[in-house]
Amino acid sequence: MKDIDESKMPLLDHLIELRNRLLWCVLALAISFGVCFYFAEPIYGWLVQPLKNVGQDKLVYIDIFEAFFVQVKVGLFAAMMVSFPVLATQIWRFVAPGLYKNEKKAFLPFLMMTPILFGLGASLAYFGAMPVALKFLLGFEGEVGGITQEALPGVGNYLSFATTFIFGFGVAFQLPVLLMLLERAGIVTRDQLKAGRRYAIVGAFAVAAVLTPPDVVSQLLLAVPLCLLYELALVAIWFTQRRREKSEAEVEQGVEAA
């Protein structure tokens, strides 16, 4: 209990500490938003490249305020990405004093893995899933009953499409972190996760069906990596279990030697 006892403070001090951390988070988000809003147009230009690459060279807006609010949303979306390291650091600095040393060592790698896995998921969405989905969805252009059917995506509609893909894939790729935290907390065991593998595969395809268009290729682009990440989590849990067992054995040997 020594690690926690030395960091005890009254409730009011905890609330003051929480307020200070929240203020730093708000300040980081506000500064990031100001910078990202200034560069909102080139950021949105980067987001629309998958649409341009499939041959669509026009975006429309009907609501007179739509283009402005799209830039605001782009700035906010980019600001959340840019300021995440600061937000995560402030959360960690608030939570860490209440953890034991071994808990800090166990939790810190998960915190570091989160942005890496999110970046991998977002990259897969941008470079892989979005072009395939757009090619499928824009493939309905042409003659229908003697009438020309033409796609005219709206600026706000496309932003929702892009951010849903990027954020959805990024969050879905947090699966190993979630499973390892659940195992670390004792909520599930590796044997239970192995026994539930078939249900996990069904769940991966269900998530892919919700987050992607109804074409098979787009669903496979998300479902297959999710299944692989599930297996990766099982391997990682096996390694962490071995390390814990080894450290516990060393502690027991030290006690017996004393």
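Residues numbered from 1 in each chain as written. Predicted model: local features only at pLDDT ≥ 70, side-chain atom pairs only at ≥ 80, totals over all residues. Heavy atoms only, no water.

Draft legend 1. Representation of the overall build of the protein. Looking only at helices and strands, the protein has eleven helices and two strands in total. Scanning the protein from its N terminus toward the C terminus, one meets helices and strands in the order α-α-α-α-α-α-β-β-α-α-α-α-α. Looking at the protein residue by residue over its 258 residues, the buried ones come to 32%. For the protein, restricting intrachain contacts to residue pairs at least 6 apart in sequence, the fraction spanning at least 24 positions comes to 83%. For the protein, the exposed area adds up to about 16,400 Å²; of that, 68% sits on carbon and sulfur atoms. (Helix = DSSP H or I, 4+ residues; strand = E, 2+ residues; numbered from the N terminus. Buried < 20%, exposed > 50% of the residue type's maximum accessible area, 1.4 Å probe, protein only. Contact = heavy atoms within 4.5 Å. Areas by Shrake-Rupley, 256 points an atom, 1.4 Å probe, with all protein chains shown as cover.)

Draft legend 2. Layout of helix H5 (residues 66-95). For H5, spanning 30 residues, the distance from its first C-alpha to its last is 40 Å, which sits close to the expected 44 Å at 1.5 Å a residue. Maximum bend of H5: about 55°, positioned at Ser83, with proline Pro85 one to four residues after it. (Expected span 1.5 Å × (residues − 1). Bend = angle between axes of the 7 residues up to and from the residue.)

Draft legend 3. Here's a closer look at the nonpolar core. One finds Tyr44, Met130, Tyr158, Phe161, Phe165, Leu193 and Leu222 to be the most contacted residues of the largest nonpolar core, which totals 46 residues. Listed by contribution, the elements that provide at least two residues to this core are helix H3 (40-47), H5, helix H6 (101-137), helix H7 (155-172), helix H8 (175-184), helix H10 (197-211) and helix H11 (216-257). Ignoring sequence-local partners within four residues, the contact set of Phe165 consists of Ala125, Ala129, Met130, Ala133, Leu211, Thr212 and Pro213. (Core = buried A, V, L, I, M, F, W, Y, C linked by side-chain atoms within 4.5 Å.)

Draft legend 4. Representation of the packing of aromatic side chains. Taken as a whole and assessed by the stated rule, the structure comprises 13 aromatic pairs. Each ring, one from Tyr38 and one from Phe39, has its centre 5.0 Å from the other, and the planes form 85°; the classification is edge-to-face. Overall, Tyr38 belongs to the exposed group, its relative accessible area being 66%. Between Phe118 and Phe167 the ring centres are 6.1 Å apart and the planes differ by 65°, which places this aromatic pair in the edge-to-face class. Within this pair, whereas Phe118 is found in helix H6, its partner Phe167 is found in helix H7, the two being separated by 49 residues in sequence. Grouping aromatic residues by their ring pairs yields a cluster made of Phe33, Phe37, Phe65, Phe68 and Phe69. (Phe/Tyr/Trp six-rings, centres within 6.5 Å; stacked < 30°, edge-to-face > 60°.)

Draft legend 5. The confidence of the model for the protein, seen in detail. In this model, the protein carries an average pLDDT of 83, and 90% of its residues clear a pLDDT of 70 or more. Of all secondary-structure elements in the protein, the lowest mean pLDDT belongs to helix H1 (residues 2-5), at 48, while H3 reaches the highest, 94. (pLDDT = per-residue confidence, 0-100.)

Draft legend 6. Inspection of the pattern of salt bridges at higher detail. Taken as a whole and assessed by the stated rule, the structure comprises two salt bridges. For Arg21, the salt bridge identified is with Glu17, shortest N-O distance 2.8 Å. With Arg21 and Glu17 both in helix H2 (residues 11-38) and four residues apart, this pair spans about one turn of that helix. The exposure class assigned to Arg21 is buried, which follows from its relative accessible area of 14%. Glu231 is the salt-bridge partner of Arg197, the closest N and O atoms lying 2.6 Å from each other. Residue Arg197 is located in helix H10, and its partner Glu231 is located in helix H11; the two are separated by 34 residues in the primary sequence. (Salt bridge = Lys/Arg side-chain N within 4 Å of Asp/Glu carboxyl O.)

Draft legend 7. Representation of the side chain of Ser32 within the structure. Relative to the helices and strands, Ser32 is located in helix H2. Classification of Ser32 by relative accessible area gives buried; the value is 11%. Look past the residues within four positions of Ser32 in its chain and what remains in contact with it is Ala79, Val82 and Ser83.

Draft legend 8. Up close: the side chain of Gln56. Position of Gln56 among the secondary structure elements: in the loop between helix H4 (49-53) and H5. Judged by its relative accessible area of 9%, Gln56 is buried. Residue contacts for Gln56: discarding those within four places in its chain leaves Leu51, Leu138, Glu141, Ala151 and Pro153.

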